[in-house]
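# Chain and residue survey
As a plain string of letters, each chain reads:
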Amino acid sequence: MRLYYLAEMTWPEVAELAQQSRVALIPTGATEAHGPHLPLETDVIIAQGSCRRAAELLAAENIPCLIAPPFYYGVTNFGMPFAGTVTIPAETLTQLVVAVCQSLAGHGFTRLVFSNHHLEPAHFAAIKEGARQVTESGAARVAVPDVRDERWAATLTEEFRAGARHAGAYETSLVLADRPDLVHIDKQRSLPPVWIDLPDRIRHHGARTFKEAGSDMAYFGNPATASAEEGEMIFQALARMLATTVKELLSR
Ligand SMILES: [Zn+2]
């Protein structure tokens, strides 16, 4: 099965693909602290792994799709107390989303779906705002499926639904599935659980960083229980979310 990674293709190959398909997937993450056991590119790994599996599902249904290079930078204020985290302004991200979508649309890819796995509210909002602007302009139809929505969260894990959504078992399992070489297993297995509902701390207690939300090590939930098997199950759910969104865009 052939997958189409934009960055690895030549321009004539891209032009040929555009004759067969209007669909592109755009993985977005962040460069952000994820506990003492996961790499800073955790969200990018999850976004890319979801796109690869979604492209495989769609290819099996004769819907080829382009996979754009990932966004490595996002609005990442929550992780800023922790070394290595990089943040950009929300307006910058929105402008980047608009420019990338317009460029892809100009080459014929007018059904665009974001695979975003950096869940900071201002980051998600900035991507959705860019998508709205592009869709409203008529240049392309852009969808940003949101794992926090009940429709999709219901297909994920108990820990995710409980709001312990950063560098816990959920994200650790996903990284174990695709990049086990980047997980510090000795640290991961000895971490005590941090049962804090992160969205609740943000919404009702005004937390602006992971530290303010109650985590000194930039993780929530129970990373010690993570496994590659759980990660593969979650990836399949995330891939179905993307594939379903693509098909809904094509049928509209
Ligand atoms: Zn993350």
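Since we're looking at a predicted model, the values are computed, not measured. (Residues numbered from 1 in each chain as written. Predicted model: local features only at pLDDT ≥ 70, side-chain atom pairs only at ≥ 80, totals over all residues. Heavy atoms only, no water.)

## Side note on the overall build of the protein
Quick note on the threshold: Numbering goes from the N terminus for both helices and strands, where a helix is a DSSP run of H or I of at least four residues and a strand is a run of E of at least two. Our radius of gyration is a C-alpha quantity, and the globule rule it is checked against amounts to 2.2 Å times the number of residues to the power 0.38. The cut-offs for exposure are 20% and 50% of the maximum accessible area for each residue type, with area from a 1.4 Å probe on protein chains only; residues under the lower value are buried, those over the upper are exposed, and the others partly exposed. Accessible surface area values rest on a Shrake-Rupley calculation with a 1.4 Å probe, where residue burial reflects the displayed protein chains alone. Under the counting rule used here, the positive set is Lys and Arg, the negative set is Asp and Glu, and His together with the chain ends is not counted. Lys charges are placed at NZ, Arg charges at CZ, Asp charges at CG and Glu charges at CD.
A tally of helices and strands in the protein yields 10 helices and 5 strands. For a compact globule of 252 residues, the expected C-alpha radius of gyration is about 18 Å, and the protein comes in at 18 Å, within 12% of that figure. If you line up the protein on its principal axes, its C-alpha atoms span 50 × 35 × 30 Å. Relative to its 252 residues, the protein shows a buried fraction of 54%. When the accessible surface of the protein is summed, it comes to about 11,000 Å², and 53% of that surface belongs to carbon and sulfur atoms. If the 22 positive side-chain charges of the protein are averaged to one point and the 29 negative ones to another, these points end up 4 Å apart.

## Section: the sheet that holds strand S2 (residues 23-28)
Neighbouring strands of a sheet are bound in pairs by backbone hydrogen bonds; such pairs are parallel or else antiparallel. In plain terms, the rule: A pair of strands is treated as paired once DSSP finds two or more bridges between them. In what follows, residue pairs with any heavy atoms lying within 4.5 Å of each other are defined as contacts. Lines fitted to C-alpha atoms define the axes here, with helix axes fitted over just the stretch in contact, and angles between the N-to-C directions of these axes take values from 0 to 180 degrees.
Sheet architecture is open: 5 strands sit in the order S1-S3-S2-S4-S5, paired in parallel fashion. Both outer strands of the open sheet, strand S1 (4-5) and strand S5 (141-143), are each paired with one neighbouring strand and no more. Bridge count between S2 and strand S3 (residues 66-67): 2 bridges; the pairing is parallel. Paired with Leu 25 across the strands is Ile 67, a residue of S3. Docked against the sheet, helix H3 (residues 90-106) engages S2, S3, strand S4 (111-116) and S5, running at close to 140° with respect to S4.

## Focus: the coordination of the zinc ion
We apply this condition: Coordination here is defined by N, O and S atoms within 2.8 Å of the metal (3.2 Å for Na, K and Ca), and since water is not considered, a site can look incomplete. In this scheme the shape depends on donor count and angles: four donors with every angle between 85 and 135 degrees give tetrahedral, four or six donors with opposite pairs above 155 degrees and others between 65 and 115 give square planar or octahedral in turn, and any other case is irregular.
Bound to the zinc ion are the protein donor atoms His 34 (NE2), Asp 43 (OD), Glu 171 (OE) and Glu 171 (OE), situated 1.9 to 2.8 Å from the metal. One can describe the donor arrangement at the zinc ion as irregular, given that its 4 donor atoms subtend angles of 51 to 132° at the metal.

## Focus: the environment of Ala 59
Residue placement: Ala 59 occurs in helix H2 (residues 42-60). Among the residues examined, Ala 59 registers a relative accessible area of 23% and is labelled partly exposed. When the C-alpha positions of Ala 59 and Arg 2 are compared, they lie 7.9 Å apart, and in sequence the two are 57 residues distant.

## Examining the nonpolar core
Burial of nonpolar side chains together is a common tendency in soluble globular proteins. Heads up, the rule is: Definition used in this section: a nonpolar core is a set of buried Ala, Val, Leu, Ile, Met, Phe, Trp, Tyr and Cys residues joined via side-chain atoms within 4.5 Å.
Residues Phe 109, Leu 112, Phe 114 and Leu 238 are the most contacted members of the largest nonpolar core, which totals 43 residues. If you tally residues by element for this core, the top one is H3, at 6 residues. For Phe 114, the contacting residues outside a window of four places in its chain are Ile 26, Thr 28, Phe 71, Val 97, Cys 101, Ile 127, Val 142, Ala 143, Val 144, Pro 145 and Leu 242. In this structure, Ala 33, Leu 38, Ala 164 and Ala 213 belong to the second largest nonpolar core, which totals 22 residues.

## Brief notes about unusual backbone geometry
Although it is not a glycine, Asn 62 sits at a positive phi angle of roughly 60°. Within the fold, Asn 62 resides in the loop between H2 and S3. Given a relative accessible area of 71%, Asn 62 falls into the exposed group. Phi is positive for Ala 218, close to 65°, though the residue is something other than glycine. Mapped onto the fold, Ala 218 is located in the loop between helix H9 (198-205) and helix H10 (228-251).

## So, the side chain of Ser 50
Rules: We define a polar contact as two N or O atoms separated by no more than 3.5 Å, with the added condition that, inside protein, one atom must be a possible hydrogen donor and the other a possible acceptor, whereas residues neighbouring each other in sequence contribute only through side-chain atom pairs.
On the secondary structure map, Ser 50 appears in helix H2. At 2.8 Å, the side chain of Ser 50 and the backbone oxygen of Ile 46 are in polar contact. With residues near it in sequence (within four places) discarded, Ser 50 still touches Ser 115, His 117, Phe 235, Leu 238, Ala 239 and Leu 242.

## Thoughts on the packing of helix H7 (residues 169-178) against H10
Basically, it comes down to this: Here the word oblique covers every angle except those under 35 degrees (roughly parallel), over 145 (roughly antiparallel) and from 65 to 115 (roughly perpendicular). Residue type decides the class: Asp, Glu, Lys and Arg count as charged, Ala, Val, Leu, Ile, Met, Phe, Trp, Tyr, Cys and Pro as nonpolar, and the leftover types, Gly among them, as polar.
Between H7 and H10, the shortest axis-to-axis distance is 7 Å and the interhelical angle comes to 95°. What the angle tells us is that H7 and H10 run roughly perpendicular. Only Ala 228, Glu 230, Gly 231, Glu 232, Ile 234, Phe 235 and Leu 238 of H10 make contact with H7, whose side of the interface consists of Ala 169, Tyr 170, Ser 173, Leu 174, Leu 176, Ala 177 and Asp 178. Taken together, the residues of the contact of H7 with H10 sort by class into 9 nonpolar, 2 polar and 3 charged.

## With respect to the pattern of salt bridges
Note the following rule: For this analysis, a salt bridge means a side-chain nitrogen from Lys or Arg found within 4 Å of a carboxyl oxygen belonging to Asp or Glu.
One pass over the structure, following the stated rule, counts 14 salt bridges. The closest approach of N and O atoms between Glu 232 and Arg 53, which form a salt bridge, is 3.0 Å. Here the residue Glu 232 occupies a position in helix H10, and Arg 53 occupies one in helix H2, the gap between them amounting to 179 residues. Of the residues examined, Glu 232 reaches a relative accessible area of 29% and is grouped as partly exposed. Owing to a relative accessible area of 4%, Arg 53 belongs among the buried residues under this scheme. Ionic pairing is found between Arg 148 and Asp 146, a salt bridge with its closest N-O pair at 2.7 Å. Accessibility expressed as a relative area gives 2% for Asp 146, which makes it buried. Salt bridges sharing common partners tie together Arg 52, Arg 53, Glu 56, Asp 178 and Glu 232.

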